[in-house]
Amino acid sequence: MMRLDKRLMPLSSPFNAEAAKEALLQGRELLHQRYCKDKNGAVLLRGHSQLVDKILQHVWREMAMPGSIVLLAVGGYGRRQLFPHSDVDLLVLVSAEGSDANVMDADIKARLECWVRLLWDIGLDVGHSIRTLAECTEEAAKDISVQTSLLEARQLAGYRQPFTEFSLAMRAMLEPRSFCTAKQLEQQQRHGRYQDAIYNLEPNIKESPGGLRDLHNILWVSRAAGLGNSWKDLARGGFITRREARLVQHNQTILQDLRIRLHYLAGRREDRLLFDYQNPLADALDISGKPPRRAGEMLMQRYYRAARTVTQINTILLLTLRAEIFPDTDALPVVINERFQKRGELLEIRDEDVFQKNPRAILESVLLLQMNPDVKARSAATLRAMWRAAPLINAGFRRDPRNRALFMEILRQPRGLTRELRLMNRYGILGRYIPAFGRIVGQMQHDLFHVYTVDEHILMVVRNLRRFNAPEFSYEYPLCSRLIGEFERPEVLYLAGLFHDIAKGRQGNHSMLGKTDARRFCQQHEMLKEDVEMVEWLVENHLVMSMTAQKKDISDMDVIADFARRIGNERRLAALYLLTVADIRGTSPKVWNTWKSKLLEDLFRATRRHLCGEPAHAEGTLRNRRNKVLELLQRDNISAHVYEQLYSALGPTYLLLHDPQEIAWHALHLGHQMKPPIPVVKARVAPTGTGIEVLVYAADQKDLFARICNFFDHIDFNIVQAKIHTTRHGYALDSFLVLDPFNVAQHHCDALSFIEHELIQQLDPVVPLEAPLQGRLSRHLKHFPITPEVDIEPDEKGMYHVLSIVAGDQPGLLSRIAQVLVRFGINVHSARINTMGERAEDTFLVTGNILNESRMLIQLETELIKTLQISCETVEAAEES
């Protein structure tokens, strides 16, 4: 028997693939058992690498590979950090005979192909490449990730001489300055993919900002520059203090441990700390919950602390290494004041104890970075000294009027605010200056649409507000950019962004509690009385505009009038619109869409017209709309008589609820057919580019709305708005706006034809109504289920009842709701469907005889809640996935 320590590989000769597979399984199981006992991640990673080394070497020998072909371990496996389910990255280095690696002896080529298949049969997930030395240098020169992977190559089999030549060639082509620059750019791009957010609710332990890759990056740059291969080397070289070396080693161990356990728990390569794994990982680590926080949240606090420290160290060390690699010996310090000087592009402190002696200089350094575009960052020594001095920001510091004035000046600067606020949060400065902010740092929120912690979301909202003000991004949201450009004292908006969710997690209404915090802060900082009132009003009302736009009928003039009364003036309207757009965009990259954008902009414009005193009486609106419709019809050579027939059948409500372009489109397709024998179904890409408009005109039937909902559920289109009218002669004119998640219809007319043809078939009353779609529950809902809410109230006019539903979004949800309404004889007149991540908030205007009968109303509500409940079968399906 051979060992890892001479016990692990019962491999016989001739070669036995099953024996190798068994040896791998036994070796991995033994390593797992040892890890569970001693919890030493570094030993596990080295041991796993050693186990795989021996199996690969044994297979290589048994296949009698010629010594001129060299087998190399690269990447994480090359540095002997092979995680339980990570890929085994290999490079087969072949001789330069022929033009390239594709031209080789047929026998060797066949043998290598057999070797790869055999490794997979044994159970090794290999990622391999076959290259000559020339091809290696060519690929490394083009791709920094390839160069980095080859930098850590080590030999497993083959002659020593080719590997020596390979190592010398890799070292010769390594230019420390270009390598350092490329790795820093690569890190910036990687962080950008995660929105530069450390506090993601489901972070990637390896790739996210503050993850293991940030630590690898430091050592790669250090190694390339010949400055050291380990944290001890960097400490000996004076690039990092011994305390920082111990700190980084400790947090690397935490991250490695989490990644190892995550691989074992998932049974596969999984580097994302998904909700599914957070509580089980906490249990495995003996982490208990502390109400109201669950065990999984306590685990994430441990992760966030480690990630923040890794980010702090990464920033300081990369600055230190860059200064060593790019020595600016000719740059003379330019004195800024008695505390700071500028050297090249860096801000330096003139005395290493300046922050200890004068903590106010911390805020001063922020302001100097903002005011001097030619100063790009703090030097490593400045950043390190600021980090050590952060605890000096205490109650006395916060009370000092000079510090308060400095903070307000920071908010008023036209550049650098987002970068500096994030840095202040990363180094614990922002949370110490605003203690209420400090309490929500790293606080998770399980509302199924936020993907960041509360503090990360808040800074994302401020970032979005600042982005509106940047000329280079004005094309993204032109209205927002114009409004904020005209907005006096925009620091009011930034403070509203900082405080809008600052009371999350406390007992009570977070908007009201946050309003109190905001008012106190603004008064302490001696803001104008009108600005204090604006900030606290924005914090209190920051949800009002999105709720109005997404839950109410904003084509109703009374809704606009009520909303306008609550807003009061145009400055408040602009401020609330800007904050609302920034807030929704800051929850998750997936929540914002063009439909929400259009709703908010329509509400903003309608409210502004009302506040400006434009005529809002129905007669004027009807007359204007009628004239516009007739103008559009005339342009298409359609008789005005068509419109008159439509208006006569549907009345003024129809004209008020649809814009003129939509009415003209309806008239075009209905023509004189006010009683068609078969349903009329027409679809088009919405003129705004937001989704697909669908017109359904058919003889009314009680399950018409349910059939339409069921059809769109089954083709995976999302209804976001429905307007339903009944003509005086018993026909229904239903118009829908649906979103196509794949944008197929935007580019293929066949998709629109498919909707028109297939939906007509589904509306045939002879065809049985299909059962609602049953699908798997999302993993988010599985771990954070939403208790369904159903509310039915008469509207203020007494014409309709408003049915409001809150539930976890599931396949077939709208169909199930519609079929319950059919059974109870409820007629739907309009629907507003709003999905925020995994949370559905739907509003319907309904009528029906039972709505005025208390007993039947209770039965309806009970049946709806029962329908919205997540079934055990659905949960089991989600678990199986």
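Placed above this text is the structure.
Here's what I pulled together on the structure shown here. (Residues numbered from 1 in each chain as written. Predicted model: local features only at pLDDT ≥ 70, side-chain atom pairs only at ≥ 80, totals over all residues. Heavy atoms only, no water.)

## Quick word on the overall build of the chain
Okay, step 1: When helices and strands are tallied, the chain shows 40 helices and 16 strands.
Okay, step 2: The principal-axis extents of the C-alpha atoms in the chain amount to approximately 90 × 75 × 55 Å.
Okay, step 3: Residues counted as buried form 56% of the 881 residues belonging to the chain.
Okay, step 4: For the chain, long-range pairs separated by at least 24 residues make up 71% of all intrachain contacts whose partners lie at least 6 apart in sequence.
Okay, step 5: Within the structure as shown, the chain displays about 39100 Å² of accessible surface, and the carbon and sulfur contribution to it stands at 50%.
Okay, step 6: Taken together, the 112 basic and 110 acidic charged side chains of the chain have centroids lying 6 Å from each other. (Helix = DSSP H or I, 4+ residues; strand = E, 2+ residues; numbered from the N terminus. Buried < 20%, exposed > 50% of the residue type's maximum accessible area, 1.4 Å probe, protein only. Contact = heavy atoms within 4.5 Å. Areas by Shrake-Rupley, 256 points an atom, 1.4 Å probe, with all protein chains shown as cover. Lys, Arg positive; Asp, Glu negative; His and termini not counted. Charge placed at Lys NZ, Arg CZ, Asp CG, Glu CD.)

## Side note on the sheet that holds strand S2 (residues 88-94)
Okay, step 1: Spatially, the 4 strands line up as an open sheet ordered S3-S2-S1-S4, and their pairing is mixed. The open sheet has two free edges, formed respectively by strand S3 (126-132) and strand S4 (154-157), since each of these has just one partner strand. The average undirected angle you get between the axes of adjacent strands in this sheet is 30°.
Okay, step 2: Packing against the sheet, helix H5 (residues 133-142) makes contact with S2 and S3, and its axis sits at approximately 110° to S3.
Okay, step 3: Each of strand S1 (70-73), S2 and S4 touches helix H7 (residues 160-173); the most contacted strand, S1, lies at about 50° to it. (Pairing = 2+ DSSP bridges. Axes fitted to C-alpha atoms, helices over the stretch in contact; angles between N-to-C directions.)

## A closer look at the sheet that holds strand S16 (residues 839-847)
Okay, step 1: The 8 strands are arranged S9-S10-S12-S11-S15-S16-S14-S13 in an open sheet whose pairing can be described as antiparallel. Each edge of the sheet is formed by a strand with only one pairing partner; in this case those strands are strand S9 (680-685) and strand S13 (789-794). Averaged over all neighbouring strand pairs, the angle between strand axes comes to 15°, with direction disregarded.
Okay, step 2: Direction of pairing for strand S14 (residues 801-808) relative to S16: antiparallel, over a ladder of 8 bridges. Across the sheet, Gly808 pairs through a bridge with Arg839, a residue of S16.

## Examining helix H39 (residues 854-868)
Okay, step 1: For H39, with 15 residues, the first-to-last C-alpha span of 21 Å sits near the 21 Å given by 1.5 Å per residue.
Okay, step 2: Of all the positions in H39, only Met856, Leu857, Leu860, Leu864, Thr867 and Leu868 are classed as buried. Each buried residue of H39 lies within a common arc of 110° when the element is viewed along its axis, so the set occupies one face. Every exposed residue of H39 that faces more than 90 degrees away from the buried side is listed here: Ser854, Arg855, Ile858 and Lys866. (Expected span 1.5 Å × (residues − 1). Arc of directions from axis to C-beta.)

## Observations regarding the environment of Leu255
Okay, step 1: Mapped onto the secondary structure, Leu255 falls in helix H11 (residues 242-266).
Okay, step 2: Beyond its immediate chain neighbours, meaning those up to four positions away, Leu255 contacts Ile205, Gly210, Gly211, Leu212, Tyr303, Ala306 and Val310.

## Points about the pairing of S14
Okay, step 1: Most of S14 sits inside the fold, with 6 of its 8 residues counted as buried.
Okay, step 2: Bridge count for S13 against S14 is 6 bridges, and the pairing is antiparallel. The residue bridging Glu793 from the neighbouring strand is Val802, located in S14.
Okay, step 3: Count of turn residues in the S13/S14 antiparallel hairpin: 6 residues, of which Gly798 carries a positive phi of about 75°.

## A look at the pairing of S2
A regular strand carries its side chains on alternate faces of the sheet.
Okay, step 1: Within S2, 6 of the 7 residues are buried, leaving the element largely enclosed by the surrounding structure.
Okay, step 2: Relative to S2, S1 is paired through 4 bridges, and the arrangement is antiparallel. Looking at S2, one finds that Leu71 is bridged to Val92.
Okay, step 3: Strand direction decides the pairing type here: S2 and S3, joined by 7 bridges, are parallel. Paired with Asp89 across the strands is Gly127, a residue of S3.

## Comments concerning the nonpolar core
Okay, step 1: Core analysis: the largest hydrophobic core is formed by 185 residues, its most contacted members being Leu56, Leu90, Trp115, Phe355, Phe437, Leu495 and Leu538.
Okay, step 2: Setting aside anything within four residues of it in sequence, one finds Leu56 in contact with Leu71, Tyr77, Val88, Leu90, Leu119, Leu124 and Leu156.
Okay, step 3: Counting 51 residues, the second-largest nonpolar core is a separate cluster that includes Phe717, Ala722, Ile792 and Ala831. (Core = buried A, V, L, I, M, F, W, Y, C linked by side-chain atoms within 4.5 Å.)

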